[in-house]
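A closer look at the structure
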Amino acid sequence: MRARALILLGAPGAGKGTQARGLAQHFGIAHISTGDILRHAVSARTPLGLAAQREMEAGHLVPDRIVNGLVRERLAQPDAARGFVLDGFPRTLAQARYLDRLLRAQGWGRPLVLNLRTDEDILRKRMTGRRTCPVCGEIYNIYFNPPQNDAMCDRECAKLIHRADDHEEVVGQRLAAYEAQTKPLIEYYSRRKLLHHIDGNGKPESVARELYSFLRDP
Ligand code: AMP
């Protein structure tokens, strides 16, 4: 695959993080997750983290101005020159328009937008069951891909984290934010003939297979 801009769209819990990590490794491109960048900022208690924390914990979106600036800085880093997969950005129409301008200004061609379509009952289980290793970043799920020992990373790095925003109450709010603010992007990219749907309901390996075979022969 030549260097290119990939965007993974999908509801929270659709598997964007897992698939974006795999794609980045497989194709040697940068994985840019605005959620990960924001979570690091929150745990490091930087001014950015302090500004974003309340919205994240409530399951609301962080203001466009903040997230757009993050993405602009991240795309300027050298590893992004080989191509990148955006995970969790854009999430609003204003972010999508901003990204269009940024990609044009930086000489990227049209992005390839892959929409992971996933049923709501699966989304909910993926989020409420998700556990993450804070050290190696490995993602587990107590329903679909449990760790060998309840609370510990299989690589014995650390105790697994249950993200505050993966708790039941916040998950509902995140799905509502997706419906209201992010879903319109499907229409936005579809009108520009940039959008491709991928079935996101299967196991991570089968979703990955569909993604790779599509990317080999788009
Ligand atoms: P994620 O890990 O992608 O599900 O993101 C976790 C949380 O970070 C979201 O629920 C938002 O509060 C915030 N966030 C991540 N990406 C964005 C974005 N592009 N725009 C606004 N908020 C975001």
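Residues numbered from 1 in each chain as written. Predicted model: local features only at pLDDT ≥ 70, side-chain atom pairs only at ≥ 80, totals over all residues. Heavy atoms only, no water.

A few points about the site of the ligand
Among the 16 residues in the neighbourhood of the ligand, the closest are listed as Thr34, Arg39, His60, Gly88 and Gln95. Between Gln95 and the ligand, the recorded distance is 2.9 Å, taken from a side-chain N or O atom to a nitrogen atom. In this structure, an oxygen atom belonging to the ligand sits 3.3 Å away from a side-chain N or O atom of Arg163. Protein contact buries 96% of the 480 Å² of open area that the ligand shows by itself. For the shell around the ligand, the element with the most residues is helix α2 (residues 34-43), which contributes 4 residues. Classifying every residue of the shell around the ligand gives 6 nonpolar, 5 polar and 5 charged. (Near = heavy atom within 4 Å. Polar contact = N/O pair within 3.5 Å; in protein donor to acceptor, adjacent residues only side chain to side chain. Areas by Shrake-Rupley, 256 points an atom, 1.4 Å probe, with all protein chains shown as cover. Helix = DSSP H or I, 4+ residues; strand = E, 2+ residues; numbered from the N terminus. Nonpolar A, V, L, I, M, F, W, Y, C, P; charged D, E, K, R; others polar.)

Topic: the state of the cysteines
This model, assessed by the stated rule, comprises 0 disulfides. Summary of cysteine pairing: Cys133 is not part of a disulfide, and the nearest cysteine sulfur, belonging to Cys136, is at 3.7 Å. The structure places no disulfide on Cys157, whose sulfur is separated from the nearest cysteine sulfur, that of Cys153, by 3.8 Å. (Disulfide = S-S within 2.5 Å.)

Structural notes on the sheet that holds strand β3 (residues 84-87)
With parallel pairing, 5 strands are arranged side by side in an open sheet as β2-β3-β1-β4-β7. The sheet is open, and its two borders are formed by β2 (30-33) and β7 (195-199), each paired with just one other strand. Sheet twist, expressed as the average angle between the axes of neighbouring strands with direction ignored, equals 25°. Relative to β3, strand β1 (residues 5-10) is paired through 4 bridges, and the arrangement is parallel. In the sheet register, Ala5 faces β3, and the bridge partner there is Phe84. (Pairing = 2+ DSSP bridges. Axes fitted to C-alpha atoms, helices over the stretch in contact; angles between N-to-C directions.)

Some details on helix α7 (residues 168-182)
Spanning 15 residues, α7 covers 20 Å between terminal C-alpha atoms, matching the ideal 21 Å at 1.5 Å per step. Within α7, the full set of buried residues consists of Val170, Val171, Arg174, Leu175, Ala177, Tyr178 and Thr182. Along the axis of α7, the buried positions cluster into a sector of 155°, meaning they face one direction only. Opposite the buried face of α7, by more than 90 degrees, sit the exposed residues Glu168, Glu169 and Ala180. (Expected span 1.5 Å × (residues − 1). Buried < 20%, exposed > 50% of the residue type's maximum accessible area, 1.4 Å probe, protein only. Arc of directions from axis to C-beta.)

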